[in-house]
Every structure is written in C-alpha cells, then in structure tokens.
Amino acid sequence: MKTRNLIKTKLIASMVLVLSALFSVCHVSAVEFERARVTVKDINLEVEYAKTFEQRVQGLMFRKTLCSSCGMLFKFDPERQASMWMKNTFIPLDVAFIDRNGVITDIKPLEPQDLTSVGASTLVRYALEMNQGWFAEHDIHVGDQLTVNP
C-alpha cells in the first residue's frame, strides 16, 4: 500500500511540474485591453488600447499573428519621450510616435525579440504599433495628422 501511495505522489508531483512548465512556456495573459478608434488619412481603425501601466508593459507580447488592419495604441500620461522594445514580441512591427496634437513625429521599425530601445525624438502622447510596412503601404508619413477617439 505504501508503494502504491508513493507512486501516486510521484505521479502527481510529475504532473504538476509538467503543467507548470507548459504554463510558463505558453504564458496566458490576464491583461485585457479596451478599444480605441484611430483615424489617419481617411483610414478608420479600431485598435487595442493600452492606457494603463500593466497594459503598456504587456503590449503585443506573445502574439504570433496580427491581422492586417489590427494594431495597438499606447497612451502616455503625462507625455514623455517614449521608447519601445520587442521583448517576447514575435511579430515585426512599425511604431508611429504621436504628439499631443495628433501629429506623427516618428515612424520606426521594430524587429521581433529585439531588446534595443527604440525611442521617440520628442515628447509624445501616443504610440501606434502596426504590422511592419503598414504605414508605408498606406502612404502615412511623419507630419501626418492622426485623430484618437478612446
């Protein structure tokens, strides 16, 4: 009987270890995002909205895909010379930094898993991450106006 209980205990301990390893690899996010409407050059988007610290930290990490018109808007309050990195982010992205007047100040590429900090050239209120190439494909450039409706 003791041998049977010992085997059960070892089996349960092994299962707990395996499940713990799976959860740490899969990383299920508990952070939820609201939506925001963004308009630029008559293009209307509804994107995920990261306005809290926890949401900004999570960002688009652990995503394997992003639809062609999907993205994430980050809000910085107060305004700051924001920067982004791509830790645990698997999708190549472009980031547009946007000042308090809705003017795009920078558009910069972000490479998957790159830990290099990519920053705005000035104080910004927002950053909009989209699939890499999205801004160029839609003829959107530094100096263009963007409207945000949270």
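Please refer to the structure higher up on the page.
About the cut-offs
Residues numbered from 1 in each chain as written. Predicted model: local features only at pLDDT ≥ 70, side-chain atom pairs only at ≥ 80, totals over all residues. Heavy atoms only, no water. Core = buried A, V, L, I, M, F, W, Y, C linked by side-chain atoms within 4.5 Å. Buried < 20%, exposed > 50% of the residue type's maximum accessible area, 1.4 Å probe, protein only. Helix = DSSP H or I, 4+ residues; strand = E, 2+ residues; numbered from the N terminus. Contact = heavy atoms within 4.5 Å. Pairing = 2+ DSSP bridges. Axes fitted to C-alpha atoms, helices over the stretch in contact; angles between N-to-C directions. Salt bridge = Lys/Arg side-chain N within 4 Å of Asp/Glu carboxyl O. Polar contact = N/O pair within 3.5 Å; in protein donor to acceptor, adjacent residues only side chain to side chain. Phe/Tyr/Trp six-rings, centres within 6.5 Å; stacked < 30°, edge-to-face > 60°. Lys NZ or Arg CZ within 6 Å of the ring centre and 35° of its normal.

Chemist: Just to check I follow, could you spell out the nonpolar core for this structure?
Modeler: A general feature of soluble globular proteins is that nonpolar side chains tend to end up buried together. In terms of nonpolar packing, the biggest core is built from 19 residues, with F74, F76, M84, L93, F97, L110 and A127 touching the most fellow members. Of all the elements in the fold, those that place two or more residues in this core are β3 (71-80), β5 (93-98) and β8 (124-131). When sequence neighbours within four positions are dropped, the list of residues in contact with L93 reads L60, L66, M86, K108, P109, L110, E129, M130, N131 and Q132. If you look at the next biggest cluster of nonpolar residues, it comprises 18 residues, including L73, A96, L128 and M130.

Chemist: Can you walk me through unusual backbone geometry in this structure?
Modeler: For the peptide bond that leads from D77 to P78, omega is 10°, which places it in the cis range. Positive phi values are uncommon outside glycine, yet F62 reaches one of about 70°. In this structure, F62 sits in the loop between α2 (53-58) and β3. What makes F62 partly exposed here is its relative accessible area of 25%.

Chemist: Can you help me understand the sheet that holds strand β1 (residues 34-40) in this one?
Modeler: Either a parallel or an antiparallel arrangement is found when strands of a sheet pair, and the pairing is made through backbone hydrogen bonds. Reading across from one edge, β6-β5-β8-β3-β2-β1-β9 is the order of the seven strands in this open sheet, with mixed pairing throughout. Sheet topology places β6 (104-110) and β9 (146-149) at the edges, where each strand pairs with a single neighbour. For this sheet the average axis-to-axis angle between neighbouring strands, irrespective of direction, equals 30°. Both β5 and β6 contribute to a ladder of six bridges, which runs antiparallel. In the strand pairing of β6, A96 is matched with I107.

Chemist: Explain the pattern of salt bridges here, please?
Modeler: It is possible for side chains of opposite charge to pair when their charged atoms get near one another. Inspection of every chain in the model, using the stated rule, returns eight salt bridges. A salt bridge links D139 to K41, with the shortest nitrogen-to-oxygen separation between them at 3.6 Å. Residue D139 is located in the loop between α3 (134-137) and β9, and its partner K41 is located in the loop between β1 and β2 (43-50); the two are separated by 98 residues in the primary sequence. One connected set of salt bridges, linked through shared partners, spans D77, E79, R100 and R125.

Chemist: Hey, could you run me through the side chain of R125 in this one?
Modeler: Inspection of the secondary structure assignment puts R125 in strand β8. A distance of 3.1 Å separates the side chain of R125 from the side chain of D77, its partner in a polar contact. In this structure R125 touches F74, K75, F76, D77, P78, E79, I98, D99 and R100, once residues within four positions along its chain are discounted.

Chemist: Looking at this structure, I do not really get the environment of F76. What am I missing?
Modeler: In this structure, F76 sits in strand β3. The spacing of F76 and V124 is 48 residues in sequence and 7.3 Å in space, taken between C-alpha atoms. When near neighbours in sequence (up to four residues on either side) are disregarded, F76 contacts R56, A82, M84, V124, R125, Y126 and A127.

Chemist: What am I meant to see in the packing of aromatic side chains here?
Modeler: For any pair of aromatic rings, the description rests on two quantities: the centre-to-centre distance and the angle between the ring planes. Following the criterion strictly, the structure yields one aromatic pair and no others. Here W134 and F135 contribute two aromatic rings whose centre-to-centre distance is 5.2 Å and whose plane-to-plane angle is 90°, an arrangement assigned as edge-to-face. The same class applies to W134 as to F135, namely buried. Cation over ring: K64 sits above F90, and NZ or CZ is 4.0 Å from the ring centre.

Don't take any of this as a statement about function, it's just geometry.
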